[in-house]
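Notes for the structure review
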Amino acid sequence: MKFVRVPAGEFTMGSDEAPQALAASYPAYEHQRFVDLYDEAPKHRVRITRPFYLGQDEVTVGQFARFLALSGYTPESLADGTGGYGYNAAYDPSKTERGDAFEGRNPLYSWRNPGFPQGDDHPVLNVTWNDAVALAKWLSNKEGAVYRLPTEAEWEYACRAGTPTRYPNGDDPQALTHIANTFDADAATYWLRWQAFALTGHDGFAFTAPVGSFPANAFGLHDMLGNAWEWVSDWYGDSYYKTAPVDDPQGPASGSVRVRRGGSWHTWALYARCSFRNWNAASTRYTLLGMRLLREDRASGPVQARGE
């Protein structure tokens, strides 16, 4: 894995855009979707007091396979026998109780098979938060360094890379196709029912892309938006921003679900903004969900993220 040094610094975290402003840029969405973004507020100052090294790319299929081969670890989707989620062209969400976009849980699907072909250089999917923490701990022991998941604040700071806008390249959702693999005209051909929410341009990929296929942000990081959702270390709290400390916020002290960030190859543009927050149980495995690791800067001292 290649890691990029992210300097210490300050930024404004979150978003307080009014529903009316968002509606003008995302006309296909119903009003309630904008109201439901209340957990992105209030915008607040955050200071990242220590530099850190963040994976230049999301963890790949090949890297995860090597971890399993060397460590003997069994991913949760295999260990519990229930599998993961995957794309099936014959699957009809309208005929299921949950109406989920993907088929699962099913032992047919796991990190090895998300329902579509992937190369070793694609982001690994169907990995749980616990799988991600296991990789970080194994790598820490192997190399004598501290690897972990980034905190939610570290993640957004790295994603924004000095920009205050919705995306690292501005506020226009349609421009997202130039920097990220999200739900666009290429992917929409497989999900015609959601075509109205697809970006009109083409990013060149209907499913996952090889990591690093899109330009890096100002910190030198690829795919901070799109390709695969990324687990972070924090427990989720919908009102945490109201009381979060300025320096190195670690998230709530406890909770029931963990935060994921950044969107995926199947994510609509509204939900692929730098500020958007989502969450899942730590045992969740999904065909859109992967990870990116952080390595602490030894010279700066440790920052132990909660729950790890």
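Here, every reference points to the structure presented above.
Attention here is on the structure that accompanies the text. (Residues numbered from 1 in each chain as written. Predicted model: local features only at pLDDT ≥ 70, side-chain atom pairs only at ≥ 80, totals over all residues. Heavy atoms only, no water.)

Observations regarding the overall build of the chain
Scanning the chain from N- to C-terminus turns up seven helices and twelve strands. With the C-alpha coordinates aligned to their principal axes, the bounding extent of the chain is approximately 50 × 45 × 35 Å. A buried classification covers 56% of the 308 residues belonging to the chain. As displayed, the chain has an accessible area near 12,500 Å², and 51% of this comes from carbon and sulfur atoms. Charged side chains of the chain number 29 positive and 36 negative; the gap between the two group centres comes to 5 Å. (Helix = DSSP H or I, 4+ residues; strand = E, 2+ residues; numbered from the N terminus. Buried < 20%, exposed > 50% of the residue type's maximum accessible area, 1.4 Å probe, protein only. Areas by Shrake-Rupley, 256 points an atom, 1.4 Å probe, with all protein chains shown as cover. Lys, Arg positive; Asp, Glu negative; His and termini not counted. Charge placed at Lys NZ, Arg CZ, Asp CG, Glu CD.)

Notes on the sheet that holds strand β9 (residues 258-261)
Two modes of strand pairing occur in sheets, parallel and antiparallel, and in both the strands are linked by backbone hydrogen bonds. Spatial ordering of the open sheet is given by β10-β9-β8-β11, a layout of four strands whose pairing is mixed. Of all strands in the sheet, those with a lone pairing partner are β10 (278-280) and β11 (289-290), marking the two edges. As paired elements, β9 and β10 share three bridges and run antiparallel to each other. Among the inter-strand pairings, R258 is bridged to a residue of β10, identified as N280. (Pairing = 2+ DSSP bridges.)

Overview of the nonpolar core
Ranked by size, the top nonpolar core spans 87 residues in total, and within it F64, F102 and L176 carry the most contacts. For this core, the element with the highest residue contribution is helix α5 (residues 129-143), accounting for seven residues. (Core = buried A, V, L, I, M, F, W, Y, C linked by side-chain atoms within 4.5 Å.)

Focus: the packing of aromatic side chains
Taken as a whole and judged by the stated rule, the model has 32 aromatic pairs. Consider the rings of F102 and Y286, whose centres lie 5.8 Å apart with planes at 85°: the pair is edge-to-face. With F102 in the loop between β5 (84-86) and β6 (103-106) and Y286 in the loop between β10 and β11, this pair connects stretches of sequence that are 184 residues apart. F102 sits in the buried class, given a relative accessible area of 1%. Cluster of aromatic residues (ring-pair linked, three or more members): Y85, Y87, F102, F116, Y190, W191, F207, W265 and Y286. Note that R33 overlies the ring of F197, its terminal NZ or CZ placed 5.8 Å from the centroid. The lysine or arginine in question, R295, covers the ring of F3, its NZ or CZ lying 5.0 Å from the ring centre. (Phe/Tyr/Trp six-rings, centres within 6.5 Å; stacked < 30°, edge-to-face > 60°. Lys NZ or Arg CZ within 6 Å of the ring centre and 35° of its normal.)

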